[in-house]
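# Structural features, examined
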Amino acid sequence: MLKNFMAVEGWFGNKSKFQGSSAARSAAAVPDGVAVKCAKCSEILFAKEFEKSLKVCSKCGHHHRITAQERIDFTVDPGTFAEFATEIVSEDPLKFPKYRDKLEQAWSKIGRGDAFRVGRARIGGQSCVLGVSEFGFRGGSMGSATGEKISLALEVAIEENLPVVFFTSSGGARMEEGLISLMQMAKTSAMVAYLGSAGLPLIVVMCDPTVGGVPASYASLGDVILSEPGAVIGLAGQRVAAQAQTQKLPQNYQTAEWRQDHGQIDAVFPRRELPDAIGRLLALLHPSSVSVDLQMQSEATVATGGDL
Amino acid sequence: MSTGPHTVLDFERSLAELDKNIAAYTQLPESQDENRDGVIAELSSTRERLLKEIFGHLTPWDEVLLARHKDRPYSLDYIKVLFTDFFELHGDRLSGDDQAVVAGLARFNGRPVAIVAQQKGRDLKERQQRNFGYATPRGYRKALRVMKLAEKVGIPVITLVDTPGADPNVFSEELGISASIAMNLREMSVLKSPIVCAVIGEGGSGGALGLAVADRIMMMEHAIYSVIAPEGCAAIMDTFGRDPGRAPEAAAALRVTSKSAFDLNLIDTVVPEPIGGAHRDFETAAASLKQALEKALAEVTVLDTRALLRERHAKFRQMGQFRVEQFHGPSGNGTPA
């Protein structure tokens, strides 16, 4: 499921990806690391400008995939991300061929234990528990460690009466952990039920791509679901869908905009506007999460409806 | 269900030959061949030996083929003999009725229960009608509606799982297939009725899980349960050369069998099947499933709602195999100590 979505980004600093291509020839005119090419429209962009625009192409508006660290940096109030549960790593319970090696590669490539990072944070002045997929780590796939970290994040939120914000970017359940991965869908969805019983909201931002077991579990259970322009969201990846289909796929199939047209997500925001949107939502959904002393507001958030 | 094996898997071929010979001899009048009974006895004992030999050494891929066997009993076959007074309920109350999911009320040992089951088709016409067992959002929503009804009136839910997977087509995406499965996972995890689930054939990924969040989960001995179809896994992983033809290897790596699921502590019970599989002796298979369902229901219906939900929560909360280790950050070598 993952491999469909491993789009190659046009980094000029990485020559190996451009050998023999026209991009490599045009790259020759530009020194390493100074310019990048838009993965969609192939526009040459100055790296500094590209960073400033949060890795959104200034010509076509394509939202490039970003790392979890970039997501955190782009989203939270500076210096407010306090990560926890960093030490949880997946086992290789099936002794799946080559999985141990792949995990080790991901560990050294990403420098983190798993494809999901969780912590306490503030967004737009509002306190929350934040979870962010790391797509670069095994395609952001959900294995045992991911399921456990998501569950812990939701438990911390319940314990501390905090709303939750998840950014998803995932190829789905992690195949190398077999049925155990599938069960992470049930485990995380059950925890979302408990969050709801505690009267706490979940905001999910489905980023490119959010496919397979992730939209089929906790990601679709957001009370509010946001996305970025062009993000692909779907149960079956487009290649699988294309194989199964007899008719042609609709235009923009499975994009965030298509999802919005079909009533499945609330809104699509450009990357730059997301922190503000999330902050406003948190303030509306969970007034006590703002760190000012407003007695009236905090009383209004006493958990209701939970009978568990 | 069918009266005899119409489909013969490769590893069943020698058995089918023997069956044919036994049938031929049985039809001979005794007067025509004095040795008839002796030959039949000999062939039958060879058959028994062969059955034990073949079914004692099934590979995971053999199990996949058995789980998908076209003569394998389907949900409605079991519903017919295990329940009385079955009253089928139709429609998701939103947009339509999905025939890949059969839902309704019935009696199990005289007690009312709700049934939610995935159903494949027996012949081509029925297969198309039931979308080859691929449930759409309408199916998952119908299932949830009936489970909510069970909760309201306080009766247990029995789910039977048998699907290659959730429907991947545009139609289902338009109706929100992902969300329909996710809703079931969430709602089933806190449903106040006891839920007992049996995977009777193919437990295909999220499409199966959408009916399988339960207090007791069992698998028929020759059922499979997997995060992805072995063919799909082989087709997209470099490990298998991206070759769907290497599905047998993927099936072994994914550990799709009932025994593996039990050993990994993900299911509660393996329901024994008669030797040779449920399709050779449906009555015995049905009796075996009945016994397992009775036992599971007895265990969970004695719990009060609070204990039931606490245990269900604990069951899924502990699923996963990870370790907690000091992890060197980005500047380190990136490998857990």
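Residues numbered from 1 in each chain as written. Chains lettered and ligands numbered in written order. Predicted model: local features only at pLDDT ≥ 70, side-chain atom pairs only at ≥ 80, totals over all residues. Heavy atoms only, no water.

## Some thoughts on the overall build of chain B
Filter applied, for reference: Labels follow the DSSP assignment, with helices taken as runs of H or I lasting at least four residues and strands as runs of E lasting at least two, numbered in each case from the N terminus. Each residue gets one of three labels from its accessible area relative to the maximum for its type: buried under 20%, exposed over 50%, partly exposed in between, using a 1.4 Å probe on protein chains only. We call two residues in contact when some of their heavy atoms are within 4.5 Å. In short, Shrake-Rupley with a 1.4 Å probe defines the accessible areas, and a residue's cover is counted only from the protein chains shown. Counting rule applied: Lys, Arg positive; Asp, Glu negative; His and chain ends not counted. Charge positions come from single atoms, namely NZ of Lys, CZ of Arg, CG of Asp or CD of Glu.
The helix and strand tally for chain B stands at 14 helices and 9 strands. C-alpha extents for chain B along the principal axes are approximately 80 × 60 × 40 Å. By residue count, 54% of the 337 residues in chain B fall in the buried class. Taking the intrachain contacts of chain B between residues at least 6 apart in sequence as the baseline, contacts between residues at least 24 apart amount to 71%. About 14,200 Å² of surface is accessible on chain B, with carbon and sulfur atoms providing 53% of the total. One way to put it: in chain B the 40 positive side-chain charges average out to a point 8 Å from where the 45 negative ones average out.

## Overview of the pattern of salt bridges
In plain terms, the rule: By salt bridge we mean one thing: a side-chain nitrogen of Lys or Arg within 4 Å of a carboxyl oxygen of Asp or Glu.
Applying the stated rule across the entire model yields 47 salt bridges over all chains. As a salt-bridge pair, Arg174(A) and Asp114(A) come within 3.5 Å of each other at their nearest N and O atoms. Of the two residues, Arg174(A) is situated in the loop between strand S8 (164–170) and helix H6 (178–197) and Asp114(A) in the loop between helix H4 (99–110) and strand S6 (116–123); the sequence distance between them amounts to 60 residues. Grouping residues by exposure puts Arg174(A) and Asp114(A) together as buried. The salt bridge partner of Lys290(B) is Glu294(B), with a shortest N-O separation of 3.8 Å. Within this pair, Lys290(B) and its partner Glu294(B) are both found in helix H13 (residues 282–301), separated by 4 residues, close to a single helical turn. Each of Arg68(B), Lys120(B), Asp162(B), Glu202(B) and Glu231(B) takes part in a single network of salt bridges with overlapping partners.

## Focus on the interface of chain A and chain B
Defined as follows: Each polar contact in these results corresponds to two N or O atoms within 3.5 Å; when the atoms are within protein, one needs to be able to donate a hydrogen and the other to accept it, and residues that are neighboring in sequence are counted only if both atoms are side-chain atoms. Three classes are used, and their members are as follows: Ala, Val, Leu, Ile, Met, Phe, Trp, Tyr, Cys and Pro are nonpolar, Asp, Glu, Lys and Arg are charged, and the others, Gly among them, are polar. Pairing between strands requires that DSSP locate at least two bridges from one strand to the other.
The partner chain B presents 62 residues to the 69 residues of chain A that form the contact. For the interface between chain A and chain B, the tally reads 4 salt bridges. The interface formed by chain A and chain B contains 19 residue pairs in polar contact (both at pLDDT 80 or more). Those elements that provide at least two residues to the side of chain A that touches chain B are strand S5 (88–90), H4, helix H5 (144–160), H6, helix H7 (238–244) and helix H8 (256–261) of chain A. Of the residues assigned to the side of chain A that touches chain B, the class counts are 35 nonpolar, 19 polar and 15 charged. Relative to strand S9 (residues 322–324) of chain B, S5(A) runs antiparallel, the two being bridged by 3 bridges. By the bridge assignment for S9(B), Val89(A) is matched with Arg323(B).

## Structural notes on the domain arrangement of chain B
Residues and elements named next belong to chain B. Here is the rule we go by: Where each domain begins and ends is defined by an automated method or by a domain database. Throughout, the accessible surface (probe 1.4 Å) given up by two parts as they are put together, summed over both, is called the buried area.
Segmenting chain B into domains produces domain 1 (10–57) and domain 2 (64–317). Between the C-alpha centres of domain 1 and domain 2 there is a distance of 36 Å. In this assembly, 8 residues from domain 1 lie in contact with 8 residues from domain 2. Together, the buried faces of domain 1 and domain 2 total about 640 Å²; carbon and sulfur atoms form 66% of this surface. In this assembly, domain 1 and domain 2 are joined by 1 salt bridge. We note a salt bridge from Arg280 to Glu12, for which the minimum N-O separation is 2.7 Å. Of all elements in the fold, only helix H1 (13–27) and helix H2 (36–56) reach the threshold of two or more residues within the side of domain 1 that touches domain 2. A per-element tally of the side of domain 1 that touches domain 2 places H2 first, with 4 residues. Classifying every residue of the side of domain 1 that touches domain 2 gives 4 nonpolar, no polar and 4 charged.

## What about the environment of Gly213(A)?
Residue and element names in this part refer to chain A. For Gly213, the location among the structural elements is in the loop between strand S9 (202–211) and strand S10 (224–227). Gly213 gets classed as buried once you look at its relative accessible area, which sits at 9%. In the structure, Gly213 is positioned 24 residues away from Gly237 in sequence and 11 Å away in space, judged by C-alpha atoms. Setting aside anything within four residues of it in sequence, one finds Gly213 in contact with Met142, Gly172, Ala173 and Met185.

## Some words on the packing of helix H4 (residues 75–82) of chain B against H13(B)
Residue and element names in this part refer to chain B. Let me state the cut-off plainly: What counts as an axis is a line fitted to C-alpha atoms, over the stretch in contact for a helix, and the angles between N-to-C directions run from 0 to 180 degrees. Oblique is the label for any angle not under 35 degrees, not over 145, and not in the 65 to 115 range, which are roughly parallel, roughly antiparallel and roughly perpendicular in turn.
Between H4 and H13, the shortest axis-to-axis distance is 10 Å and the interhelical angle comes to 70 degrees. Comparing the axis directions of H4 and H13 gives the class roughly perpendicular. Two secondary-structure elements touch here, H4 through Asp77, Tyr78, Val81 and Leu82 and H13 through Phe282, Ala285, Ala286, Leu289, Lys290 and Leu293. Residues that form the contact of H4 with H13 fall into these classes: 8 nonpolar, no polar and 2 charged.

## Quick look at the packing of H6(A) against helix H8 (residues 177–190) of chain B
Our working rule: With the far helix as reference, a near helix turned anticlockwise by less than a right angle produces a left-handed crossing, and one turned clockwise produces a right-handed crossing.
Axis separation between H6(A) and H8(B) bottoms out at 8 Å; the angle between their running directions is 65 degrees. In terms of axis orientation, H6(A) runs roughly perpendicular to H8(B). For the pair H6(A) and H8(B), the crossing hand works out as right-handed. Contacts from Met185(A), Ala186(A), Ser189(A), Ala190(A), Ala193(A) and Tyr194(A) in H6(A) reach Ala182(B), Leu185(B), Arg186(B), Ser189(B) and Val190(B) in H8(B).

## Considerations on the side chain of Glu273(B)
Residues and elements named next belong to chain B. Within the element layout of this structure, Glu273 appears in the loop between strand S8 (269–271) and H13. Within polar-contact distance, the side chain of Glu273 engages the backbone nitrogen of His222 at 2.8 Å. Once residues lying within four places of it in the same chain are set aside, the contact partners of Glu273 are Arg72, Met220, Glu221, His222, Ala223 and Ala278.

## Overview of the pairing of strand S6 (residues 216–220) of chain B
Residue and element names in this part refer to chain B. S6 sits mainly inside the fold: 5 of its 5 residues count as buried. A two-sided burial pattern is seen for S6, the buried positions comprising Arg216, Met218 and Met220 on one face and Ile217 and Met219 on the other. Inspection of the sheet shows strand S5 (residues 195–204) paired to S6 by 4 bridges, in the parallel sense. From the neighbouring strand, Val199 faces S6, where its bridge partner is Met219. Sheet topology places S6 next to S8; 3 bridges connect them, and they run parallel. Residue pairing in the sheet places Met218 in a bridge with Thr269 of S8.

## Quick word on the packing of aromatic side chains
In this description, an aromatic ring pair is defined by two values, namely the gap between the centres and the angle between the planes. Residue and element names in this part refer to chain B. Selection rule: For Phe, Tyr and Trp, rings pair up if their centres lie within 6.5 Å, where Trp contributes its six-membered ring, and each pair is then called stacked (planes under 30 degrees apart), edge-to-face (over 60) or tilted (otherwise).
Across all of its chains, the model carries 8 aromatic pairs over all chains by this definition. Measuring from ring centre to ring centre gives 6.1 Å for Phe11 and Phe55, while their planes differ by 70 degrees; the resulting arrangement is edge-to-face. Taken together, the residues Phe11 in the segment before H1 and Phe55 in helix H2 connect sequence positions 44 residues apart. Across the pair, exposure class does not vary: Phe11 and Phe55 are buried alike. Between the aromatic rings of Tyr78 and Phe282, the centroid separation amounts to 5.3 Å while the plane-to-plane angle is 50 degrees, which identifies the pairing as tilted.

## Description of the side chain of Arg138(A)
Here Arg138(A) lies in the loop between strand S7 (126–133) and H5. Looking at Arg138(A), its side chain comes within polar contact range of the side chain of Glu176(A), at 3.2 Å.

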